[in-house]
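Residue-level structure breakdown
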Amino acid sequence: MSVGSQQLARRQPSRRGAELMLLGCAWALGVLGTLQVGWATGEGTPSRLWVTVGVVGALALVMHIVVRIKARYADPLLLPVATLLTILGLVMIYRIDVASAQRAERNSAPQPTPDVYAQLTWFAIAVVLFVAVLVLVKDHRRLQRYTYSFGLLGLLLLVLPLAPIIGTTVNGATLWVRIGGFSFQPAEAAKILLTLFFAGYLVVKRDSLALVRSKFLGLGFPQIRDLGPLFIAWVVSLGVLVFERDLGTSLLFFGLFITMLYIATQRRSWLILGSIFFAIGALLAYQFFDHVHNRVIVWLDPWSYADTSGYQIVQSLYGFANGGIMGAGLGQGFPNFVPFANTDFIVAAIGEELGLTGMFALLLLYAVLIERGLRTAVSVRDSFGQLLAAGLSITLALQVFVIVGGVTRLIPLTGLTTPFLSYGGSSLVANWVIVALLLRISDRARRPEIHQIDADDALTQVVRRV
Amino acid sequence: MMSRQIRRIGVVLALMLVALLVNITVIQVVLARDYRERPGNQRLLLAEYDRERGPILVGANPAARSVETGNTLRYLRTYDDGPLYAPITGFYSLIYGATGLERTENRVLTGKSDLFFVDRLSQLFAGRQPVGGAVTTTIDAAAQEAAFKGLKGKVGAVVAIEPATGRILASVQSPSFDPNLLTSQDPEAIRTYYEELKSDPAKPLLNRPIVALNPPGSTFKLVTAAAALASGLYTPDSILPGPASYRLPLSTSELNNWNRKECGPDGKVTLKQALAISCNTAFAWLGVQLGDEALRKQAELMGFDKGFQIPLKAATSRFPAELDEPQTALSAIGQFEVRATALQMAMVGAAIGNNGVTMQPYLVQEVRGPDLAILQTTDPIRYADAMTPLNAAQLTEMMVNVVENGTGSNAQISGVRVAGKTGTAETDNERPAVAWFVAFAPAQSPKVAVAVVIEESGATEISGNGLAAPIAREVMKAVLR
């Protein structure tokens, strides 16, 4: 290493030490949270506490070491924040496990299988994929080569639940695939693949899409021929809504596509056109599809349906109200009163037991994660990286907004998982892949330029090849 | 480049975050109360039913306790003798709130009282639910049961007090209600029962012993007699005019004796004899001689015009202000606007029996922690020196004479000297007259003072001796046994 590069490296530290310290804090919070759940519910110290917290700590440490080696200059906040969210999810899932077990005991019903160990296993699998992404994808720009493959694969995954035999309908929505004893939600993987596709596609096509052919109300509008991609995205989203009855995923894809289109073309007209398409789609869905219609009706007046279709949202609101400002305290609420407490409604459980304070902390954690992602998008120098980082961050943001807004009755309720928190493997793995991709891009964005001429630095060999 | 668009999207996302934060704040802060109290919300119910509420004890036995149910609502509030102790325990309903000791001692029963500071500290660290403490009442189960039995089928109340301390030994009402039915786990049944109680003209939800105000009638003659002795102008043997009817001063109205006869030969009667036969004309005359000021002062020394918290809130018994002479005459015999609770009249009896010292009445003897360690004991408090010991002794003898030779014969207990006074009071409205009996026993160093009030009984002959004295006797016997 030359003297110059060492000086520069010193001026722009990798901040890996800060990352490790924050990971330690996240882990410690998890230990304390688990202990509090155990003590407050009267279960005592969880029997396998040191095994589980040991596994979580080891997984976090593995990720940190891999980042230190493979993405040394990556943003130091992304990993600890995502880890803290995952740990918080594990604590809440354990909390709800305890509640379910205690309820079963009271009703002399058979003990349910705890979910927390399954979730921990999924976390381990997520870490494997996280490591794989960082090791295999040495430069995110290489992903651009597979743009159309990703697009095709993404679409395929999206329609997979409709396939006979393997497709499964759960709670009215057809978004599961079951192969053997193993089931997953392909939409979670599809959201990453389609973001990759959108980024690659829009980088290439953005010039023609940005061409202004007509002006209306002071805004430039694209020519009709270029509306094609927008129209296809719209039809696919509607298709997901109609055939898979998955309102959340449908919303997520369309919103993601519109915002990425806007970023790529820098034309506000796309946002307006997109909004019009959205409005038409929403109106059609409201008119013709009962499940959408019901969601809106219940949203407007959940109290009238408190015992039927509004039961979930009403229970969720009661949970939040019970939490108040400081929360009932971990282990002292009634989180399993809300159906699907550890998946769609895990935020309601957090709102009840950790209160408004906890909710603010939680949403700010997401805000930090998303802000870091957007900052990566702004600072990386290649357009593909910019679009990809922005797209991935927006996916997270939209998903958080749609589900948290849904369970708090800000918007109609749509089934989506809460990133990192919800019980469910597909979602956890997918979101960790997103973190890995963001780390990969941010490593590129924050890497000192000078290293490009350090021939002996293994990290820079990748750069040189491009 | 695209940075500007990304930043703009960032701003939009920030606004969405603000929308989420504002919305959650509204739910968890502004609307939280409303949501918590919505009828369909079981959380409050469950939160309450989830923790073991401390018992309310009568002696060593719980009048109210939490029983583990084994279902989702983990604990059920149970009252083993619900209607018997209802005026003391009150009820604990998650729809209609709490009354009685369930309300006033809530912080102890839920374990949230500052008395449990040390326990709370350890609970805080462990994140455990506080466990409720126990409240021990001053109630004597035997006296309570005797009074309850005596009141059966009547509308009325009984209060018994230990004269030396002010401990309330019995507080009974009829009709009563069953608090079990208000704490059940079926909201619909609770509502139905509550509405039924509310529409009952006999008002079973009224805490009759300490809240129901009635004219005390002739039992108030005890206060008038005490004022007469206090004036120094009268002794039990003083001769008073006791004609068959008394023309109220400054008016044309006549006040009659209950039997429309003269109280003694030549319309003259001693103070002692006037009390024994409850001579209205003599006491009306006496009241006018003493003046309303003296009567009020004596009444207030015995607890009138003061709202006691025992800790249940008792109604304030009244001796009216600014009386002219005819009003004073009527007030001296417990009519006009004089109003008293059963608690108040029991206090009058107790003060006379306690050498003239009025004690503050109380219902809570001890507060115990979840581990049953005594955390707080109530000490008796002197309220006022209402009479000199000598006057008190003289009045006691006069009251013994009432029971042994006068109108209160039904209160006699063999082998025990009982002091008592009957009363029958006209109420303003169409309701039947109210029958009273105030007594204490044994006359020297009494263990119990009792007041019985019967508002309605269905009996055609209404008299304190006939309706109220037997109940008072049974209550006193129960305590003395």
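Residues numbered from 1 in each chain as written. Chains lettered and ligands numbered in written order. Predicted model: local features only at pLDDT ≥ 70, side-chain atom pairs only at ≥ 80, totals over all residues.

For chain B, the helix and strand inventory stands at 18 helices and 19 strands. Counting only residues that meet the buried cut, chain B has 53% of its 481 residues in that class. Partitioning the intrachain contacts of chain B with sequence separation of at least 6 by distance along the chain shows that 69% fall at a separation of at least 24. (Helix = DSSP H or I, 4+ residues; strand = E, 2+ residues; numbered from the N terminus. Buried ≥ 20, exposed ≤ 12 C-beta atoms within 10 Å, placed from the backbone. Contact = placed C-beta atoms within 7 Å.)

Check the secondary structure of chain A and you find 16 helices and 5 strands. Of all 466 residues assigned to chain A, the portion counted as buried reaches 52%. Restricting to contacts in chain A with at least 6 residues of sequence separation, those with at least 24 account for 72%.

Before going further, it helps to spend a moment on the interface of chain B and chain A. In this complex, chain B contributes 34 residues to the contact, which on the side of chain A involves 46 residues. Broken down by secondary-structure element, the contributors of at least two residues to the side of chain B that touches chain A are helix H1 (3-30), helix H2 (32-36) and helix H3 (43-50) of chain B. It is H1(B) that provides the largest number of residues to the side of chain B that touches chain A, a total of 18 residues. Looking at the side of chain B that touches chain A, its residues break down into 17 nonpolar, 13 polar and 4 charged. (Nonpolar A, V, L, I, M, F, W, Y, C, P; charged D, E, K, R; others polar.)

All names here are of chain B. Strand direction decides the pairing type here: strand E14 (residues 364-368) and strand E15 (residues 374-377), joined by 3 bridges, are antiparallel. Note that in E15 the partner of Val367 across the bridge is Gln376. Between E14 and E15, which pair antiparallel one after the other, the connecting turn spans 5 residues, and Leu372 there sits at a positive phi close to 70°. (Pairing = 2+ DSSP bridges.)

Through backbone hydrogen bonds, the strands of a sheet pair up, either in parallel or in antiparallel fashion. All names here are of chain B. Spatial ordering of the open sheet is given by E3-E2-E1-E6-E14-E15, a layout of 6 strands whose pairing is mixed. At either margin of the open sheet sits one strand with a lone partner, and together these are strand E3 (75-78) and E15. Here the strands of the sheet are splayed against their neighbours by 25° on average, with no regard to which way each runs. Across the sheet, helix H4 (residues 82-89) touches strand E1 (56-58), strand E2 (61-68) and strand E6 (134-137), and the angle it forms with E2 is around 95°. (Axes fitted to C-alpha atoms, helices over the stretch in contact; angles between N-to-C directions.)

What follows covers the confidence of the model for chain B. Averaged over every residue, the pLDDT of chain B is 87; residues scoring 70 or more account for 95%. Both scores are given for the predicted complex: the pTM is 0.64, the ipTM 0.90. (pLDDT = per-residue confidence, 0-100.)

With that settled, the discussion passes to the pairing of strand E19 (residues 448-456) of chain B. Residues and elements named next belong to chain B. With 8 of its 9 residues buried, E19 lies for the most part within the structure. As paired strands, strand E7 (residues 155-161) and E19 are joined by 7 bridges and run antiparallel to one another. For Gly156, the partnering residue across the bridge sits in E19 and is Ile454. Both strand E18 (residues 434-441) and E19 contribute to a ladder of 7 bridges, which runs antiparallel. Across the sheet, the residue bridging to Ala439 is Val450, located in E19. Between E18 and E19, which pair antiparallel and follow one another directly, the connecting turn spans 6 residues, one of which, Ser445, has a positive phi of 45°.

As a further point, take the sheet that holds strand E17 (residues 419-425) of chain B. All names here are of chain B. Strand order across the open sheet formed by 5 strands is E8-E7-E19-E18-E17, with antiparallel pairing between neighbours. Only two strands of the sheet have a single neighbouring strand rather than two, namely strand E8 (168-174) and E17. Averaged over all adjacent pairs, the angle separating strand axes in this sheet is 5°, with direction ignored. Its contacts with the sheet put helix H18 (residues 464-480) on E7, E8, E17, E18 and E19, and the angle it makes with E18 is roughly 30°.

Once that is clear, we can look at the nonpolar core. Met260(A), Leu387(A), Ala390(A), Val435(A) and Leu439(A) are the most contacted members of the largest nonpolar core, which totals 151 residues. Those residues in contact with Leu387(A), other than ones at most four positions away along the chain, are Ala199(A), Leu202(A), Val203(A), Met260(A), Ile263(A) and Ala264(A). Counting residues in each nonpolar core, the second largest holds 128 residues, with Leu330(B), Val367(B), Met387(B) and Ala425(B) among its members. (Core = buried A, V, L, I, M, F, W, Y, C linked by C-beta atoms within 7 Å.)

Another point: the confidence of the model for chain A. Per-chain confidence: chain A averages 85 in pLDDT, with 88% of residues scoring 70 or above. Confidence drops under a pLDDT of 50 for residues 1-10 of chain A, and excluding neighbours within four residues, the segment shows 10 contacts in the predicted structure.

The end-to-end C-alpha distance of helix H6 (residues 147-159) of chain A, which contains 13 residues, comes to 19 Å, matching closely the 18 Å that a straight helix rising 1.5 Å per residue would cover. Looking at the packing, one finds that the buried side of H6(A) touches helix H7 (186-210) and helix H8 (228-243) of chain A. (Expected span 1.5 Å × (residues − 1).)

Here the focus is the environment of Val402(A). Residues and elements named next belong to chain A. Relative to the assigned elements, Val402 resides in helix H14 (residues 383-407). Along the chain, Val402 and Leu413 lie 11 residues apart, while their C-alpha atoms are 7.8 Å from each other. Among all residues touching Val402, those that are not within four sequence positions of it are Gly248, Leu251, Leu252, Thr414 and Leu416.

So, about unusual backbone geometry. Residue and element names in this part refer to chain B. Between Ser174 and the following residue, Pro175, the backbone shows a cis peptide bond with an omega angle of 0°. Of note, Pro175 is situated in the loop between E8 and helix H9 (187-199). Cis geometry is adopted by the peptide bond preceding Pro442, which originates at Ala441 and carries an omega value of -10°. Tracing the backbone shows Pro442 in the loop between E18 and E19. Here the phi dihedral of Glu322 falls at roughly 50°; this positive angle occurs in a residue that is not glycine. Mapped onto the secondary structure, Glu322 falls in the loop between helix H14 (292-301) and helix H15 (325-332). Phi angles above zero are rare outside glycine, and Phe336 is one such case at about 50°. Of note, Phe336 is situated in the loop between H15 and helix H16 (342-353).

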